[in-house]
Amino acid sequence: MALKFGIKGQKREDAANANGRAPVKKQSAGELRLHKDISELNLPKTTAISFPNGKDDLMNFEISIRPDEGYYQGGTFIFTFQVSPSYPHEPPKVKCKTKVYHPNIDLEGNVCLNILREDWKPVLNINTVIYGLNLLFTQPNDEDPLNHDAAAVLRENPKLFESNVRRAMAGGYVGQIYFPRCI
């Protein structure tokens, strides 16, 4: 019986191709859910979304965040999102393309955000992740750091931390590490 359905499906596809229509690509459950998430996005005014590979590749996109308050005010930070076909059962993979002096983002762009790891649940969505990323810039967390040096400075000397953030965003060195301009 399964063979019969397979042959019927192939005949239907062949007929569609004969009519000059391209074969219809079947979307994964992850693609369908992501399409729904993106169509329902409610982005904060500090955030924009772009699709560098075109709108046909929804599984890979970029978010730019331009905080309007806090230590990172005026900077522009770009994040790449790679969404697997098993989304929402797996969280998206998020990396920061902008080199940033931040306790929760390391120098390779890895992001420490609990909802991208152990606290991910399929009921969460892209909007939730974007709001979480925005929160990292208004409320950096020194208790769960990826950049331990930045976290220690934030915890022990917030004025020096602010100075280091400003220097890094303007395009300069913090210690031995150079940060490209992002303001």
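In this text, all values refer to a predicted model and were calculated from it rather than measured experimentally.

Analysis parameters
- Residues numbered from 1 in each chain as written.
- Predicted model: local features only at pLDDT ≥ 70, side-chain atom pairs only at ≥ 80, totals over all residues.
- Heavy atoms only, no water.
- Helix = DSSP H or I, 4+ residues; strand = E, 2+ residues; numbered from the N terminus.
- Buried < 20%, exposed > 50% of the residue type's maximum accessible area, 1.4 Å probe, protein only.
- Contact = heavy atoms within 4.5 Å.
- Areas by Shrake-Rupley, 256 points an atom, 1.4 Å probe, with all protein chains shown as cover.
- Pairing = 2+ DSSP bridges.
- Axes fitted to C-alpha atoms, helices over the stretch in contact; angles between N-to-C directions.
- Phe/Tyr/Trp six-rings, centres within 6.5 Å; stacked < 30°, edge-to-face > 60°.
- pLDDT = per-residue confidence, 0-100.
- Salt bridge = Lys/Arg side-chain N within 4 Å of Asp/Glu carboxyl O.
- Arc of directions from axis to C-beta.
- UniProt positions renumbered as here; feature names shortened; annotations may be inferred.

## Quick notes on the overall build of the protein chain
In terms of helices and strands, the protein chain carries five helices and six strands. Its helices and strands in sequence order give the protein chain the pattern α-α-β-β-β-β-α-α-α-β-β, from N to C terminus. By residue count, 40% of the 183 residues in the protein chain fall in the buried class. Taking as baseline every contact in the protein chain between residues at least 6 positions apart, the subset at least 24 positions apart corresponds to 53%. On the protein chain, roughly 10800 Å² of surface is accessible, and the fraction owed to carbon and sulfur atoms is 53%.

## Here's the deal with the sheet that holds strand S4 (residues 93-96)
What the four strands build is an open sheet, ordered S1-S2-S3-S4; its pairing is antiparallel. The outermost strands of the open sheet, each flanked by one partner alone, are strand S1 (47-50) and S4. Across the sheet, the axes of successive neighbouring strands diverge by a mean angle of 25°, strand direction being ignored. Inspection of the sheet shows strand S3 (residues 77-82) paired to S4 by four bridges, in the antiparallel sense.

## Some points on the packing of aromatic side chains
A full pass over the atoms with the stated rule returns 11 aromatic pairs. Their ring planes at 50° and their centres at 5.9 Å tell us that Phe-51 and Phe-61 sit as a pair that is tilted. Of this pair, Phe-51 sits in the loop between S1 and strand S2 (60-65) while Phe-61 sits in strand S2, placing them 10 residues apart in sequence. Given a relative accessible area of 14%, Phe-51 falls into the buried group.

## Some details on the confidence of the model for the protein chain
Per-chain confidence: the protein chain averages 90 in pLDDT, with 86% of residues scoring 70 or above. Counting contacts from residues 1-9, a segment whose pLDDT is below 50, to residues more than four positions away or on other chains yields zero contacts.

## Overview of the pattern of salt bridges
Overall, the coordinates contain six salt bridges when judged by the stated rule. Measuring nitrogen to oxygen at the nearest pair gives 3.0 Å for the salt bridge that ties Arg-33 to Asp-37. Residue Arg-33 and its partner Asp-37 are located together in helix H2 (residues 29-39), separated by four residues, close to a single helical turn. Lys-45 is the salt-bridge partner of Asp-68, the closest N and O atoms lying 2.7 Å from each other. With Asp-68 in the loop between S2 and S3 and Lys-45 in the loop between H2 and S1, this pair connects stretches of sequence that are 23 residues apart. A residue is classified by how much of its surface remains accessible, and Lys-45, at 77% relative accessible area, is exposed. Connected through shared salt-bridge partners, Arg-117, Glu-118 and Asp-144 make up one network.

## Structural notes on helix H4 (residues 148-156)
Listed as buried for H4 are Ala-150, Ala-151, Val-153 and Leu-154. What you see down the axis of H4 is that its buried residues fit within an arc of 165°, all on one side. Exposed and oriented more than 90 degrees from the buried face of H4 are His-148, Asp-149 and Glu-156. Those residues of H4 hidden inside the fold are in contact with helix H5 (158-170).

## Some points on the environment of Glu-108
Checked against the element boundaries, Glu-108 lands in the loop between S4 and helix H3 (126-138). Residues Glu-108 and Lys-97, 11 residues apart in the sequence, show an inter-C-alpha distance of 8.3 Å.

## Considering the UniProt feature "active site" (unreviewed entry) in the protein chain
The UniProt feature table records "active site" (unreviewed entry) at Cys-112. Tracing the backbone through its elements, the reader meets Cys-112 in the loop between S4 and H3. Filtering out sequence-adjacent residues up to four positions away, Cys-112 remains in contact with Asn-104, Arg-117, Leu-136, Asp-144 and Leu-146.

## Concerning unusual backbone geometry
Here the residue pair Tyr-87 and Pro-88 is connected by a cis peptide bond, since its omega of 10° sits within 30 degrees of zero. Within the secondary structure, Pro-88 is located in the loop between S3 and S4.

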